[in-house]
Amino acid sequence: EAGVTQFPSHSVIEKGQTVTLRCDPISGHDNLYWYRRVMGKEIKFLLHFVKESKQDESGMPNNRFLAERTGGTYSTLKVQPAELEDSGVYFCASSQQGYGYTFGSGTRLTVV
Amino acid sequence: AQSVAQPEDQVNVAEGNPLTVKCTYSVSGNPYLFWYVQYPNRGLQFLLKYITGDNLVKGSYGFEAEFNKSQTSFHLKKPSALVSDSALYFCAARGGAAGNKLTFGGGTRVLVKP
């Protein structure tokens, strides 16, 4: 089966611009998670979708971040406007049973 | 609050020697514990998990980990390290009030020298 796909793999944008990250989970996985690792620190939870609904968005840092999951399939994470501290690696993961997570390769975001 | 600690930022080991990467956790209730590895320019790859049962868990690439409830630890081990094991290793926990989301440690970089 295809794994979790994220794109772009890298994005360099200027402060104040908008960036949209996309995640395609494993087909049939109801659970989709976003995480990010900023500046070599620990990987932190951002939010969790169950199908198209946001189950937990307690990790979203502020209202500049907007996540959607269209029809319970792929998900997008938009950062608008981007700030320097948003630089990092954004990971997406999906699961079906809830305790087995498959991660994507991540999107490395650099805000300059 | 839930937390996972990896006390070593980097572990250096000679090829063929035993490798240990330490992890301790603070999770209420019965935790689910995971180890992931990230190779350069790659995503997080699953190594092994502890859910319940035998405290010694065997995973991919010859790695194993031992769940120790009294010490709240879940150290990753490999009897004989390879140069190709050089990577970034993350310990993660799920459970308690955190629900389905994973709490990660800060990561440990492993460097295996030939």
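As shown above, the structure is provided for reference.
Let me begin by describing the structure that accompanies this report.

## A closer look at the pairing of strand β5 (residues 32–38) of chain B
Looking down a regular strand, the side chains alternate between one sheet face and the other.
All names here are of chain B.
Then, number 1: Summarising burial for β5: six of the seven residues are buried, a large majority.
Then, number 2: Alignment of β5 against strand β10 (residues 87–94), held across seven bridges, turns out to be antiparallel. Bridge pairing in β10 places Leu33 opposite Ala93.
Then, number 3: Note that β5 and strand β6 (residues 44–50) share six bridges and pair antiparallel. Note that in β6 the partner of Val37 across the bridge is Gln45.
Then, number 4: Between β5 and β6, which follow one another and run antiparallel, lie five residues, and Asn41 among them has a positive phi close to 60°.

## Observations concerning the interface of chain B and chain A
Then, number 1: Listed by partner, the interface residues are 18 residues for chain B and 18 residues for chain A.
Then, number 2: In this assembly, chain B packs against chain A so that about 1,500 Å² is buried in total across both faces, 61% of it on carbon and sulfur atoms.
Then, number 3: Among the residues chain B hides against chain A, the three largest losses belong to Leu44, Lys101 and Phe104 of chain B. Together they make up 34% of the total.
Then, number 4: Counting across the interface, chain B meets chain A through one salt bridge.
Then, number 5: When the shortest N-O distance is used, the salt bridge between Lys101 of chain B and Asp56 of chain A registers 3.5 Å.

## Overview of unusual backbone geometry
With glycine set apart, most residues show a phi of negative sign, and most peptide bonds adopt trans.
Then, number 1: In this model, Phe7 of chain A is joined to Pro8 of chain A through a cis peptide bond whose omega is 5°.
Then, number 2: Omega for the bond connecting Gln80 of chain A with Pro81 of chain A falls within 30 degrees of zero, at -10°, which places this linkage in the cis form.
Then, number 3: Residues other than glycine seldom take positive phi values, yet Tyr61 of chain B does so here, at roughly 55°.
Then, number 4: Looking at Tyr61 of chain B, the relative accessible area reads 46%, which means it is partly exposed.
Then, number 5: Phi is positive for Thr72 of chain B, which is not a glycine, with a value near 45°.
Then, number 6: Position of Thr72 of chain B among the secondary structure elements: in the loop between β8 (64–68) and β9 (73–78).

## Quick word on the packing of aromatic side chains
For any pair of aromatic rings, the description consists of the separation of the ring centres together with the inter-plane angle of the planes.
Then, number 1: With the rule as written, the count across this model stands at 16 aromatic pairs over all chains.
Then, number 2: Between the aromatic rings of Tyr33 of chain A and Tyr101 of chain A, the centroid separation amounts to 5.2 Å while the plane-to-plane angle is 70°, which identifies the pairing as edge-to-face. Separated by 68 residues along the polypeptide, Tyr33 of chain A in strand β4 (residues 31–37) and Tyr101 of chain A in the loop between β9 (88–95) and β10 (102–103) bring together distant segments of the chain. The burial state of Tyr33 of chain A is the same as that of Tyr101 of chain A; both residues are buried.
Then, number 3: Joined through ring pairs, the aromatic side chains of Tyr33, Tyr35, Phe45, Phe91, Tyr101 and Phe103 of chain A together with Phe34, Tyr36, Phe46, Phe90 and Phe104 of chain B make up one cluster.
Then, number 4: Note that Arg22 of chain A overlies the ring of Tyr74 of chain A, its terminal NZ or CZ placed 3.7 Å from the centroid.

## Structural notes on the side chain of Ser87 of chain A
Residues and elements named next belong to chain A.
Then, number 1: Relative to the helices and strands, Ser87 resides in the loop between β8 (75–79) and β9.
Then, number 2: Residue classification places Ser87 among the buried residues on the basis of a relative accessible area of 14%.
Then, number 3: There is a polar contact of 3.1 Å between the side chain of Ser87 and the backbone oxygen of Leu84.

## Points about the nonpolar core
Then, number 1: Grouped together as the largest cluster of nonpolar side chains are 28 residues, with contacts concentrated most on Leu19, Trp35, Leu47, Leu48, Phe74, Leu76 and Tyr89 of chain B.
Then, number 2: Looking at this core, the elements with two or more residues in it are β2 (10–14), β3 (19–21), β5, β6, β8, β9, β10 and β12 (108–113) of chain B.
Then, number 3: The leading source of residues in this core is β10 of chain B, at four residues.
Then, number 4: The next biggest cluster of nonpolar side chains, apart from the first, holds 21 residues, and it includes Ala67, Ala82, Tyr90 and Cys92 of chain A.

## Considering the state of the cysteines
Residues and elements named next belong to chain B.
Then, number 1: The tally for this structure, following the rule as stated, stands at two disulfides over all chains.
Then, number 2: The disulfide partner of Cys23 is Cys91, and the gap between their sulfur atoms is 2.0 Å. As the torsion about the S-S bond is roughly -65°, the Cys23-Cys91 disulfide counts as left-handed. Taken as a pair, Cys23 in the loop between β3 and β4 (24–26) and Cys91 in strand β10 lie far apart in primary sequence, 68 residues in all.
Then, number 3: For Cys23, a relative accessible area of 0% puts it in the buried group.
Then, number 4: Since its relative accessible area comes to 0%, Cys91 is described here as buried.

Basis of the calculations
- Residues numbered from 1 in each chain as written.
- Chains lettered and ligands numbered in written order.
- Predicted model: local features only at pLDDT ≥ 70, side-chain atom pairs only at ≥ 80, totals over all residues.
- Heavy atoms only, no water.
- Buried < 20%, exposed > 50% of the residue type's maximum accessible area, 1.4 Å probe, protein only.
- Helix = DSSP H or I, 4+ residues; strand = E, 2+ residues; numbered from the N terminus.
- Pairing = 2+ DSSP bridges.
- Contact = heavy atoms within 4.5 Å.
- Buried area = accessible area lost by both parts, 1.4 Å probe.
- Salt bridge = Lys/Arg side-chain N within 4 Å of Asp/Glu carboxyl O.
- Phe/Tyr/Trp six-rings, centres within 6.5 Å; stacked < 30°, edge-to-face > 60°.
- Lys NZ or Arg CZ within 6 Å of the ring centre and 35° of its normal.
- Polar contact = N/O pair within 3.5 Å; in protein donor to acceptor, adjacent residues only side chain to side chain.
- Core = buried A, V, L, I, M, F, W, Y, C linked by side-chain atoms within 4.5 Å.
- Disulfide = S-S within 2.5 Å.

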